[in-house]
Structure formats: C-alpha cells, structure tokens
Amino acid sequence: MNILERNTNGLNSDLYWQPEPVKVSDGTEQNLKQEDFFALLTEQLANQDPTKPVDNDQLVAQMTSFTTADGISQLNEKFESFSSSMTSNQALQASSLIGQDVLVTGNIGHVANEGDGITGVIISDQTSQNTKIAIQNSQGEVVRTMDVGTLAAGNIEFNWDGTDQNGNALPPGDYAVQVQGDVFGEPTSLPTAINRHVDSVSLAASSQGVILNLDGDVSIKLDDVIQIGS
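Residue positions are given per chain, counting from 1 as you read along its sequence in written order. Local features are withheld for residues below a pLDDT of 70 in this predicted model, meaning they are given only at 70 or higher, and side-chain atom pairs are given and counted only at 80 or more; totals for whole chains, interfaces and linings count all residues. Excluding hydrogens and water, the side-chain figures rest on all heavy atoms present in the structure.

What follows is about the overall build of the chain. We count a stretch as a helix when DSSP gives it H or I for four or more residues in a row; a strand needs E for two or more, and each element gets its number in order from the N terminus. The number of helices and strands found in the chain is two helices and twelve strands. Shown N-terminal to C-terminal, the secondary structure of the chain runs as helices and strands in the order α-α-β-β-β-β-β-β-β-β-β-β-β-β. A buried classification covers 26% of the 230 residues belonging to the chain. Should any heavy atoms of two residues lie within 4.5 Å, those residues are counted as being in contact. In the chain, the share of contacts with a sequence separation of at least 24, taken over all contacts with a separation of at least 6, comes to 61%. Method for areas: the Shrake-Rupley scheme with a 1.4 Å probe, in which residue coverage is limited to the protein chains shown. When the accessible surface of the chain is totalled, it reaches about 15500 Å², and 50% of it is carbon and sulfur. For every residue, the accessible area (1.4 Å probe, protein chains only) is compared with the maximum for its type, and the residue is labelled buried under 20%, exposed over 50%, or partly exposed between those bounds.

And the structure:
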C-alpha cells in the first residue's frame with residue numbers, strides 16, 4: 001500500500017511511497033513434519049466414509065512411505081554433519097603440514113631464496129641411459145645441465161643446488177626440471193615429482209576438501225600429495 005505524506009511546508013508536491021514489509025520465507029513451512037503427517041492421517045481416519053473405510057494395507061503403506069522418507073531426510077542431515085566434521089578434522093590434521101615439504105607430481109620447483117635448490121624424484125618404468133637433467137628459468141632459458149648417466153627403473157632422487165653452470169647462485173623464482181634419457185635406445189622424456197614447501201592450508205568446498213597452499217603461489221589438493229617430507 002502506498003503512503004502519501006506532506007512535507008514540512010505543507011506542500012503535497014513531495015510525495016513518496018513506502019512499501020509494506022514483506023515477510024521472507026525460510027522454507028520451513030513447506031516441510032511436512034512427523035506431527036503434521038499424523039495430524040493429517042488422524043483427520044483422514046476421522047472423516048472417512050464408514051461404508052468404505054481406509055484399507056489397512058494402504059494405511060500401512062502410507063505410514064511406511066513417510067517413515068522411510070523421514071528416515072532418509074534425517075540420515076542426510078546426519079551425513080552432512082558427519083561430512084562437515086570429517087572435513088574439519090582433515091583440515092586440522094593437514095595444518096600439521098605447514099612448514100613441511102611435500103612431494104608433488106610435476107616438473108616446476110620454486111626457489112624461495114638465492115642459493116636454495118630444488119629436490120625431487122625422476123620416475124621411470126625402465127632403465128634409462130645417458131640421462132640428463134636440464135634446469136630452465138621462467139623465461140625458458142636453460143641455466144644448468146647435469147649428466148646423471150644410467151638410471152635404474154623406479155623413483156630416483158635428484159638434487160639441484162640452485163646454481164648455474166658456472167657455480168653462481170641463481171635468483172629466487174620458479175624453475176622447470178626437464179629430464180631426458182635413452183630408453184631402449186630411444187630418446188625419452190622422463191616424468192618427475194618435485195618437493196614443494198607448504199605455506200598454509202585452506203578449507204575449500206566439500207567437493208575439493210583440504211587445499212595446500214605451496215611456495216610460489218601454487219595450491220593443490222591434499223589428495224595430490226605423494227609423500228610428506230623430502
């Protein structure tokens with residue numbers, strides 16, 4: 001309803017309307033609770049046709065159907081509560097990773113301070129010969145190459161000390177680790193996993209779970225961690 005008011009000078013040129021407050025529904029009135037169901041059922045029995053009483057099987061079916069639906073609803077609420085509790089507990093446990101290194105599949109490492117290096121593992125299903133490790137800076141320039149010779153199959157650890165080919169310490173930043181070797185006589189790129197430092201932990205949406213925020217502004221899921229500790 002519109003409300004018309006005069007201004008302080010007695011003029012009615014300044015008219016305005018003010019809407020009546022609208023009640024915002026929280027949705028609870030749309031839910032049929034257990035007491036509502038039995039109230040309706042009692043009313044149905046009280047007003048049934050004496051010549052055609054409600055069939056017992058039908059009555060039992062209605063009660064069973066509601067009880068099942070109500071039980072599922074309560075189960076969903078309890079499961080959501082349990083899921084939230086588990087996620088919070090997982091986040092609490094993950095917080096103990098802050099300050100530690102975690103092994104993550106990939107070839108990008110982060111040098112936080114000049115003179116720091118990068119460690120990780122080379123992953124190969126077969127023996128690799130004439131294996132070489134190339135370190136590239138963020139501009140794609142190769143700043144260091146290391147000849148590691150023949151590597152057996154498996155996860156082989158490697159360590160780069162953060163220096164260039166002349167032994168000079170390189171500045172902080174992201175560096176890529178490229179590994180190539182001869183497998184059955186064919187030049188082959190070998191996958192790697194890099195140790196990254198955990199700076200903080202975030203609690204994301206339930207579909208993502210716990211997120212680890214790594215050095216170099218990189219975030220990963222807790223499930224992506226291969227190993228804790230370098």
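It is worth spelling out the pairing of strand β1 (residues 101-105) at this point. The sheet contact formed by β1 and strand β9 (residues 192-203) spans five bridges and is antiparallel. Residue T105 lies in a different strand from β9, and its bridge partner there is A193. By the convention used here, strands pair only if DSSP detects at least 2 bridges between them.

Opposite charge on two side chains makes pairing possible when the charged atoms of those side chains draw close. Counted as salt bridges are all cases of a side-chain nitrogen of Lys or Arg within 4 Å of a carboxyl oxygen of Asp or Glu. Per the counting criterion, the structure on display carries two salt bridges. Its salt-bridge partner being D161, residue R144 comes within 3.2 Å of it at the nearest N-O pair. Remark: D161 occurs in the loop between β6 (154-160) and β7 (173-183) and R144 occurs in strand β5 (residues 142-151); sequence separation between them is 17 residues. Residue classification places R144 among the buried residues on the basis of a relative accessible area of 17%. Close ionic contact of R196 with D215 constitutes a salt bridge, the shortest N to O distance being 3.0 Å. Placement of the pair is R196 in strand β9 and D215 in the loop between β10 (210-214) and β11 (218-221), with a sequence separation of 19 residues. A single burial state applies to R196 and to D215, both of which are buried.

Next up on the list: the pairing of β9. As paired elements, strand β3 (residues 118-124) and β9 share three bridges and run antiparallel to each other. Bridging from a neighbouring strand, G120 pairs with I194 of β9. Note that β9 and β10 share five bridges and pair antiparallel. Residue pairing in the sheet places S200 in a bridge with N213 of β10.

In short, the description is geometric, and any link to function would need to be established separately.
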